[in-house]
Every structure is written in C-alpha cells, then in structure tokens.
Amino acid sequence: MQQITLTINGKSVTAEVDERTLLLEFIRDVAGYTGTHNGCMEARCGCCAVEVDGEIVKSCNVLALQVAGRSVTTVEGLSPQRLRPLEHITTQSLAGVYKPLDALGADAKDLHPLQSAFHRKHALQCGFCTPGMLMVLKDYLEDNPEPTREDVRRAISGNLCRCTGYQHIVDAAMDAAQQMRVAAAGADSTADAADA
Amino acid sequence: MTETLPRTRRQTNPPAARKLVGQSMPRKEDLALLTGTARFIDDIRLPGMLYAKILRSSTAHARLNRVDTSKALQQPGVHAALCGQDLLGKVKPWGDMMQDLLVGDHFPFATDKIMYEGQEIAAVVADTKYQALDALEVIEVDYDQLPVLVDPEKAISPDAPVIQEGISYEFGDGNIFDRYRVRVGDIEETERGADLVVRQRFTSNRQAGAALDPHGCVASYDSFTGNLTIYSSTQSIFMVRDILADTLQIPRNRVRVIVPDVGAGFGSKAQMFAHEVIASVLSMQLGRPVHLVLGRGEIFRAGTCRTGQVRYAELFLKRDGRITGYRDYVVHNCGAMSLWGNQVIHIGTNVGMLPYPIPNVHVDADIVHTNTAPAGPLRGFGIPQMIFAKEQLVDVAAEQLGIDPLELRARNVVRPETFPYRTPMGQVIDSTSIYDCLHKCGEAIDWERKRAERVPYEGVGLGVSMKYTSCRHPSFDTDLSAVRLRLETDGTVTIFSSDVSHGQSHATFLAQVVGDVLGVGFEKVNLAQPDSATSPFGLGTFASRAAAVLGTACRQAAERLREKVVTIAAHVLEASPEDLETGNDRVYVRGLPDSGLYLENLASYAAYRTHQLPPGFEPTLESVATYDTPTEREAPDGSGNLSVTYSSAAHAAHVRVDPDTGRVTVVDYAMAHDTGVVINPLVVEGQHQGGFLMGIGMALGEDYVYDEDGHLLSASFKDYQAPYATELPELTKIYEIPAPSLTIPGGQKGAGESGAGPVPAAIANAVYDATGVRFTALPITPERMLLALKEKERQGVDTLRFPDDMPDFTGPRTHQEWPEPTASDEGDILL
C-alpha cells in the first residue's frame, strides 16, 4: 500500500492504495468519478480516456502510482457546474429543468462545445463510449482547431463505438471545432481590446 | 442528414401532421451521458457490497471430475465460494421458457461436463475485485479432456462427440437440438419448370454484439424480508425476473429487477445469464450485496453471439428473371447451449425471403450444438445471414440470364396493386416502398454509369431486404409492450415502461408521442427507470420493436389519459368534451388555445380537490395500455405473418479492392429505407448508421475464430476486428421513402435492424463486381481476398467462387449430393 495524491478535475485527492491500482480505478473507485468507463481493460476501446496534464491517456493502462502528483481531467471536468451543484440550486435553476434541451450549450458555462455538439448532432446513442470520445476530441481539437473529417476519424481511431457508426460523431466534432474557433477568436479580440 | 422523398405511388391514409412526431428533437437522454452523471452497471455502489469473480473453463470439452474451492476460502478477504456441485438440486436449470427447448440445459456452473471454453466453473466473492481474482487462482479443477467439436457440419454425424448429454430433445439424443422446415408451394414442380437454377454453399460468420458496457449485475438480498433486488445490464427486465425467480424457486413478486443505464446490447443482453444467478445466490448466502461485472474476454466467450450458418442454397428462376422458388438446407450453429438460437432460423428464414414474394419455398434446417460459445440474437436476427446467401444467388442468376442485377431485383420485389398483400410465405405486407428504395439507392450510387465505366479492382453491388418490426416468436406466442402514464400533480407526465432503452432514445420519442396526444410540453415528460416493481409487464427491447409496439402502447395510454383530463375539464368548464382540445399544457375550448385549464390544475383536482371532479369519477390520473400485435403464430409449414409490419432497405455499395494487400475499402455507400412514419428522423438515421457499422463488421472483419481445440482466438478487441472510424466511409447518402404502416396506428415501422440486413450481401456483390471473386464465406478478410486472387490467377479464370470452388473442395455442388436433411417430412411434430 502506498499513499498518493492526484489532482482530479482541480480537486486534490489523497488515498492509500494498493500499488496495483490503475488510474482508471483510482478515478472511479477512490475519487468517485464514474463517468470514466471501463470497456475492455486492454487499451482498445478508449472508453477510459482522460487527460493527464493535458495529454490523453487510456487510464486502464496506467497505474495510479505512475501519475502521482499530476493533474487529471475527466469528463466531469468538461462541464464544471456539475462539480459545484450547490452554488446553482436556486429557484431559478430549479425552474431551469423545464428549459428546452436545445437551449443547453447556448451558454458556455453549461456545457463544453463538444458536449453540446454531440447533443445536437445525435453523436451518442447508448452513451457508454461518449466520455472517452469527448476527452480525445477535446484534446485533439485544442491542438488542431481546423481539422478535416478525415483528421477527426484518425483522431478517434483509438476509440470504439458500436452504436453510431461514427458518422454523427464526426459531424459533432466538426461542428464543435467551428464553435471553438469562434470562441477562441472572441477570446483573442477581448484580449486585444484589453491590451489596447 | 437523411433526405425524405415521396413515393411514386401514394398509399392511403397518410397520418395527419403532428407537432412533435416527425421532428428531429435532440434527445432527453443526452445530458447525463455527456456529463458523466449517468450510472451504468459498474457504477452501482451499495453499502456493504462485495465483489464476485467467476472462474471459467480454459478447455472447450471435458469431463469435469472435481472442483475444490477449499483453498480459495482460506484466501484473504474471501467470504464465499461456489461451484456446480454446491448448487445441484438447489437451483433449477433454465432454458425451458421456450417451447421448442423441452428441458433446461442451462445451469450456473458446469457440473459434470465442460461444454465450451469460458463456461462457468466456480465463483468467489471477496472484499475487493483483486482478492476475488487472486482466490480464483487457487481453485483446483480436475478434468479429463474430451474430443472437441467445432465444425457445425460434423455435429450431425452419428459418430460426433455428443455435447449435451442426458437431455432428451424432441428429436432424440445427439447434437441436433431442434429442426426447422418450410414447405410452401411445390418445389419439385418448380425445379422441373425452372429455366435456371443457381446454387451455392455459403457459410456465415459469428459476430459479437460487443456492446462496450459489459454484462453485469449487482444482486442484493434482504434475508429478513426475502426480497431479492438485482440491478442488471439487460434488455429485458421481466425475462430476467421470471427466469431468475424460477431458477431460484422464489416468488416472482420477491424479485425486483432494476436497470441502470445500459450501454447497448444489440441482442446480446436479451436473456438471463449465469452470472445473474451466481450473484443472487452469493448475496442470498451472505445477506450482502454482490457486484459481478464481466470482463471483455468473458463476454466474448460466454455472452451470446450471432448464430453461424452453413447454407446449401438454390434459387429457381424463369428466363424473364422471375424468381419461382428457393430451396435450402441449413446447418445452424447455436454453440454449446442456446436460449434463442433456434428462433433465429425460423424468423430469419421466414422474413429473410422478402422482399421477394417467392411462391415456392423448401427449407430444412438442422439446429446443432458445437463446443463453441452460446449463440443467440444479434442485430438482424438471422436476416443478414439469409440475405447474404440469397442476394448473392440473385446476382449469380442475373449474370447467367444477362439481366442487370438492379433490373432483376426490380422485377421481383414485392409491389402489389393493393395493400395489404399476403405473400406465399404468409407475410402480410401492409405497405412498402421497396421498389422505389431500390431505384433510389441505385441512382444515388450512380449504378448505370459505374457498371458501364469499368475501373480495375472497383465494383458496385446491391442488396435488398425487408425486416420484421417486432415479431411473434414461434416458441413464445406473445408480442406485447406496455406503458403506464401518470399525470403528476404539477402537470408533468411520467412514463413507466419495462422496455429498457439502451441507445434507442425511448425517453425522447415516447415524449414526442405523449406530447402530441396529451398536449403537454416535451420538456415536461419524463421516462422512469425500468424497474420490475413499478413498470407494467412488457417483453423488453429487441427486434426493432420500440417505436412501433412500445410507441403504440404509449399512444394508447396517452389517449386514455387524455380522455380522463378532458372529462374533468368538461365538467369544470361546463363544456361538452367534444368541444375541447388539448395543447399548450392545457385543455381548452376549441378555437381558444390561450384559455382553458392547465393540466396542472386538472391533475391537482384529481389528487387534492376531488370535489371538483365529475360525480363518480375515479381520482388519480393514471392510464395503462398494453399493445399486443395482431400477428400470427407460425404455421406447421413454416408460413405465417410473424411481424406486424415490415420495414424495407435497399443498399448499394461501391468498393475498391487493393490487390497487393487484399483490403476491401468501401468507397461509397447509399441506403434507401422505408421506416414508415418516423417519429424522430435524427434518431432513425442514427439507427441506420449504426446498423451499417454492424453490417460492415460482419462483412469485412468480425468473427469468432476457433482453433481445432475450441479455443476462441478472437476474444479480445486486439484480435476481434470491430471497425474503427477510419474503416468506415462517409455515409451521407441516406434516404427515407416512407410508406406508413397501415396496421400500426401511428404508421411507424422498426428502424433498429434494417440498416444491417443487406450490408454483407451488398459488399459481397460489389467485391465480385470488382474482382470476379464470389465470396461464399464471411467475413471477407484481406487474407482471404489475397488467397482468392492468387487462386483465380493460378487457375487462369475470370471468375471464381471462393472458398467453396477450390480444386480440393470435396463438398456437395448440387442438391442431389447434399446431406440428407434430418428434418424429414415423416413423423415430425412441428409446433
């Protein structure tokens, strides 16, 4: 047994764990973020993909010990309000459950552009592979803001989906890339304005 | 995005335009799945929960002498261990809910015999998963190896090793556990009158569902009340509940099945499995919750996969291209044990004859056991296997008759003057646009030009099929789904259903149906979690039945609920019910949509202000409806209308073959479908895209590959060729040509499986067009392609059937040489 500390979605998690504990298990069983899924345990399906210090890893093939002290982002980290629900429980937000679903994602603090694009384009059916797809695409689009459809297919070629045939996932990724470019341009111009 | 086209010939009664039905509403399900808050089976945590793991056989056929778990019990953290001998006489074998399978052949563990690699031998439950896995390693198993039977055709030989011993099947001992036959019309007469007979032996592969969410359950037994609660990743809660209760011999109202989010199934989760019994027994022994989720290798080896088939198929035609008959002898491989496997040949053959109304059909099938993984339903339920053989024969015939393959199909697809139309096989076609679909997909792929302008190693091919929409299973005699609706006291609506949504978007499309009927907002309708304690009885989610069968039950329940709220409103408003409309979350007098009473008010009268109700009105705004389709039982000759309506699919593939690597690339693909009235076009397109993926997997890579000792060589995603995104083409040529069902009140047809049916056939036909190699076996792997091209070159021929046209092929080539079907006409009692 060994005590390790990981930062997961910005929160420090310390636990004494068996040396054999996989990062996947640390995330799911110790930190309690079950959005990271175990689909094969052999680094083939990609359902367990997370970011470690901004790099994608398949968390079923990494020991928690190997990434001790480092910072992990899971799918729960993509839409931060899910991590701080208490701040949001107001009469207004309870009324928000009636908010039409297509309005979701209109506000950047609700959902990541990829999440809202997946929703609009029906890029998920059973949803089990979705967290891994989202994490891989987030990482990819941040580095490659203007991909072709072919590029997107290659980017997710370490992730399996058995439901969608991938077509709508590619549609969603292209849509999200566009949104992210617009947001980045907006952020740049704001920064320019601040500089000026 | 799917393009919707009108049919060239209109049919009667297009349903009235509605507000929500027909719209591509983004799904209600998505939010939890996108943010990681959805709970799948492996995410369930209960207080005091223990972890169980299963020891599985590493051999495929053996006499099991002894299993000793005593050392495992000494391991740290271990609470209990179980093996087959512990349960003999304590739990009941299962498998006999199906009428054709007279004796239960399933048991939680092997007891005296191991029948396939991966069969359950023992189980251990411990504080942690790793303690349980460690303890499995010290279990002692003593066995004597038996000869292994992998080849289904060898299973029917009298000297084959017998797999299921001590079970007396309807047809006696041995490996043939069921038979199937069709006798429609007069095949001898057809043969005499035929101008052309084409025949070929085909073998089809076994494909896994490989749903990424593993099979698993958490069982929790309360030893004081005797209530067993089981969370399970299943497609059918009542199938699990009833068989589990029966197996454990406890009352069915003491077993509660709750289903978390289910990460797909494709048919592979449509039954109760041994692990569900094992977790339940361990929980009953210990009085603590037991978690048992299977690993990927376990699911490949012991979950169910597609049935494998060997077909000796013949197609009879007239010179003008009319198909007059079909004859086939099938060996149907169900693995070592199978709950659903025999049904696959019944329905796959009956419905698989479509879209041709073939007047004379003669089929014999021997349904056999081998020392391989249990087989069962998988997306398409026998249709893709059947279509692969039949549609290739159509192309063989087209070439020999000198008729274009598209034209030959156009001359034969069902296209009656009036609907409904009953085919010779007994299917009642209540509407179809298959003829238009065929031409549309040909046009979209640019059929005529590509056939005329030859490009080396490129080719085009067609495949057409029609697909059941739910089905009256011959051994079940039921085809029902149910919905209960409750108008909550704030005017929201809760839907209760036992048909598990695992990707099919029930929460969304049922809300669209309810919204239209009841006038309640889409966002106010919620689908409750499937739970056998609260949901009305229904069969589950399989067979493309959700939109049509569950959707109809939901529509009827909503209509009943609407009648109740209108009755209350009429009383309060002192209006006649006929003058009232529903919409905008309220009931109002026609023409005054901004007035009237909110559903919220009406619901509160029924709950809290009952003096407002009409005299004698029973409070509580709930309604329930069960829809059982008006389908027929299978007749003794194999005919019958087993499905309430039939969706249609016509696919065209354009492939390129790399002669150096043997790799088949799908360059372009077009699909035209008739899915009747589409509730949510976005969801239906998603189903077609997914069906295409499964079809491509079946055509080009996915397979259960066994060595001669019965070891599964493809029991991991490393070896099992599940397609990745780079292996699929951009699929944008998707067309809907709706022919609304006349039987289903809303006009819907099943969508889930019609995208898969024609794919292997269309690909195989395109591969022949590209290379001159007619593949008779699936999948068409690069290795097989290279061998075939070499063989073709060696023989110096233009065309070659492969692998069943090799010089050393000694199998039968005409039906006179075929194996004598054991399903003889004499003395059989069929159903």
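Cut-offs and rules
Residues numbered from 1 in each chain as written. Chains lettered and ligands numbered in written order. Predicted model: local features only at pLDDT ≥ 70, side-chain atom pairs only at ≥ 80, totals over all residues. Heavy atoms only, no water. Helix = DSSP H or I, 4+ residues; strand = E, 2+ residues; numbered from the N terminus. Buried < 20%, exposed > 50% of the residue type's maximum accessible area, 1.4 Å probe, protein only. Contact = heavy atoms within 4.5 Å. Rg over C-alpha atoms; globule rule 2.2 N^0.38 Å. Areas by Shrake-Rupley, 256 points an atom, 1.4 Å probe, with all protein chains shown as cover. Lys, Arg positive; Asp, Glu negative; His and termini not counted. Charge placed at Lys NZ, Arg CZ, Asp CG, Glu CD. Core = buried A, V, L, I, M, F, W, Y, C linked by side-chain atoms within 4.5 Å. Domains from an automatic or database assignment. Salt bridge = Lys/Arg side-chain N within 4 Å of Asp/Glu carboxyl O. Polar contact = N/O pair within 3.5 Å; in protein donor to acceptor, adjacent residues only side chain to side chain. Pairing = 2+ DSSP bridges. Axes fitted to C-alpha atoms, helices over the stretch in contact; angles between N-to-C directions. pLDDT = per-residue confidence, 0-100. Buried area = accessible area lost by both parts, 1.4 Å probe. Phe/Tyr/Trp six-rings, centres within 6.5 Å; stacked < 30°, edge-to-face > 60°. Parallel < 35°, antiparallel > 145°, perpendicular 65-115°, else oblique. Left-handed = near helix turned anticlockwise from the far one by under 90°.

Novice: Where do I start with the overall build of chain A in this structure?
Specialist: Check the secondary structure of chain A and you find seven helices and five strands. Tracing chain A from N to C terminus, the helices and strands come up as β-β-α-β-β-β-α-α-α-α-α-α. When the 196 residues of chain A are sorted by exposure, 49% land in the buried category. Nonlocal contacts in chain A, meaning residues at least 24 apart in sequence, comprise 55% of its contacts between residues at least 6 apart.

Novice: Please explain the overall build of chain B as it appears in this structure.
Specialist: Counting its regular elements, chain B contains 20 helices and 33 strands. Scaling as 2.2 N^0.38, a compact globule of 831 residues should have a C-alpha radius of gyration of about 28 Å, and chain B matches this with 27 Å. A burial count over chain B gives 67% of its 831 residues as buried. Taking the intrachain contacts of chain B between residues at least 6 apart in sequence as the baseline, contacts between residues at least 24 apart amount to 80%. Here chain B displays about 27,600 Å² of accessible surface, and carbon together with sulfur accounts for 49% of that area. For chain B, the centre of its 77 positive side-chain charges and the centre of its 107 negative side-chain charges are spaced 3 Å apart.

Novice: Would you mind going over the nonpolar core with me for this structure?
Specialist: Looking at soluble globular proteins, one finds that nonpolar side chains tend to be buried together. If you look at the biggest cluster of nonpolar residues, it comprises 209 residues, and the most contacted ones within it are Phe-118 and Tyr-166 of chain A together with Tyr-326, Tyr-669 and Ile-763 of chain B. The element that contributes the greatest number of residues to this core is helix α11 (residues 383-401) of chain B, accounting for ten residues. Residues contacting Tyr-669 of chain B, with those up to four places away along its chain left out, are Ile-445, His-651, Ala-652, Ala-653, Phe-692, Leu-731, Lys-733, Val-759, Ala-762 and Ile-763 of chain B. Leu-510, Val-514, Ala-570 and Leu-613 of chain B belong to the second largest nonpolar core, which has 49 residues in total.

Novice: Hey, could you run me through the domain arrangement of chain A in this one?
Specialist: When the parts come together, some accessible area is lost, and that loss is often what is quoted as the size of the interface. Residue and element names in this part refer to chain A. By domain assignment, chain A separates into domain 1 (2-77) and domain 2 (87-195). Contacts between domain 1 and domain 2 engage 18 residues on the former and 15 residues on the latter. At the junction of domain 1 and domain 2, the tally comes to one salt bridge. Notably, a salt bridge pairs Glu-51 with Lys-138, separated by 2.9 Å at the nearest N-O pair.

Novice: Sorry, what's going on with the interface of chain A and chain B here?
Specialist: Taken together, the contacts link 56 residues of chain A with 62 residues of chain B. Seen at the junction of chain A and chain B, the total is eight salt bridges. Between Asp-134 of chain B and Arg-20 of chain A there is a salt bridge, with its nearest N and O atoms 3.7 Å apart. At the boundary of chain A and chain B, one finds 26 residue pairs in polar contact (both at pLDDT 80 or more). The set of elements that each furnish at least two residues to the side of chain A that touches chain B consists of α1 (23-30), α4 (113-121), α5 (130-143), α6 (149-155) and α7 (167-195) of chain A.

Novice: Would you mind going over the environment of Leu-510 of chain B with me for this structure?
Specialist: Residues and elements named next belong to chain B. Among the secondary structure elements, Leu-510 is positioned in helix α15 (residues 506-518). Separated by 262 residues in the primary sequence, Leu-510 and Gly-772 place their C-alpha atoms 48 Å from one another. Setting aside residues up to four positions removed in sequence, Leu-510 forms contacts with Ile-495, Leu-527, Leu-550, Gly-551 and Cys-554.

Novice: How should I be thinking about the sheet that holds strand β9 (residues 196-204) of chain B in this particular structure?
Specialist: Each strand in a sheet pairs with another by means of backbone hydrogen bonds, the pair being arranged parallel or else antiparallel. All names here are of chain B. Reading across the sheet, the five strands line up as β8-β17-β16-β15-β9 and stay open at both edges, with mixed pairing between neighbours. Bordering the open sheet on either side are β8 (176-184) and β9, each of which pairs with just one other strand. Along the sheet, successive strands turn relative to each other by an average axial angle of 5 degrees, direction set aside. With respect to the sheet, helix α10 (residues 341-352) is in contact with β8, β15 (308-317), β16 (323-333) and β17 (360-368), its orientation differing from that of β8 by roughly 15 degrees.

Novice: What is the right way to read the confidence of the model for chain B from this model?
Specialist: For any part of a model where pLDDT is low, the fine detail of the predicted coordinates should not be relied upon. Residues and elements named next belong to chain B. Per-residue confidence for chain B averages 93 on the pLDDT scale, and 95% of its residues sit at or above 70. Confidence drops under a pLDDT of 50 for residues 10-17, and excluding neighbours within four residues, the segment shows nine contacts in the predicted structure. A low-confidence stretch, residues 826-831 stays under pLDDT 50, and its non-local contacts, those more than four residues away or across chains, total ten contacts.

Novice: I keep staring at the domain arrangement of chain B and nothing clicks. Help me out?
Specialist: All names here are of chain B. Each assigned domain of chain B is listed here: domain 1 (41-146 + 214-260 + 269-302), domain 2 (181-208 + 304-473 + 633-808) and domain 3 (480-628). On a C-alpha basis, the centres of domain 1 and domain 3 stand 40 Å from each other. Every contact between the two is made by 14 residues of domain 1 and, on the other side, 16 residues of domain 3. Counting the surface lost from both domain 1 and domain 3, the interface buries some 1,100 Å², and carbon and sulfur atoms represent 59% of this. Of all residues in domain 1, Gln-235, Ile-237 and Phe-238 give up the largest surface area on contact with domain 3, accounting jointly for 49% of the area buried on that side. Joining domain 1 to domain 3, the criterion identifies one salt bridge. A salt bridge links Arg-256 to Asp-531; the nearest nitrogen and oxygen atoms lie 2.5 Å apart. Our count for the domain 1 to domain 3 interface comes out at six residue pairs in polar contact (both at pLDDT 80 or more). Of all elements in the fold, only α7 (237-248) and β12 (255-258) reach the threshold of two or more residues within the side of domain 1 that touches domain 3. Broken down by element, the side of domain 1 that touches domain 3 gets its largest block of residues, five residues, from α7.

Novice: What am I meant to see in the packing of aromatic side chains here?
Specialist: Two descriptors summarise a pair of aromatic rings, namely the distance from one centre to the other and the angle between the planes of the rings. One pass over the structure, following the stated rule, counts 13 aromatic pairs over all chains. With a centroid separation of 4.9 Å and an interplanar angle of 85 degrees, the aromatic rings of Phe-128 of chain A and Phe-40 of chain B are classed as edge-to-face. Of this pair, Phe-128 of chain A sits in the loop between α4 and α5 while Phe-40 of chain B sits in the loop between α1 (30-35) and β2 (50-56), on two different chains. Arranged with centres 4.9 Å apart and planes meeting at 45 degrees, the rings of Phe-300 of chain B and Tyr-720 of chain B form a pair that is tilted.

Novice: For this particular structure, what's the right way to read the environment of Asp-769 of chain B?
Specialist: Residue and element names in this part refer to chain B. Tracing the sequence through the fold places Asp-769 in helix α19 (residues 759-771). Classification of Asp-769 as buried rests on a relative accessible area of 15%. Separated by 313 residues in the primary sequence, Asp-769 and Pro-456 place their C-alpha atoms 9.9 Å from one another.

Novice: Help me out: how do you make sense of the sheet that holds strand β27 (residues 597-598) of chain B in this one?
Specialist: Residues and elements named next belong to chain B. In space, the three strands of this open sheet follow the order β25-β26-β27, with antiparallel pairing throughout. Every interior strand has two partners, whereas the edge strands, β25 (580-583) and β27, have only one. Across four bridges, β25 lies against strand β26 (residues 586-589) in antiparallel orientation. When the bridges of β26 are listed, Glu-581 appears paired with Tyr-588.

Novice: Quick question: what am I supposed to make of the packing of α11 of chain B against helix α12 (residues 405-412) of chain B here?
Specialist: The packing of two helices is summarised by the inter-axis angle and the distance between the axes. All names here are of chain B. Where α11 meets α12, the axes come as close as 9 Å, and the angle between the chain directions of the two elements is 115 degrees. In terms of orientation, α11 lies roughly perpendicular with respect to α12. Between α11 and α12 lies a crossing of right-handed hand. Between α11 and α12, the contacting residues are Glu-391, Val-394, Asp-395, Ala-397 and Ala-398 on the first element and Pro-405, Leu-408 and Arg-409 on the second.

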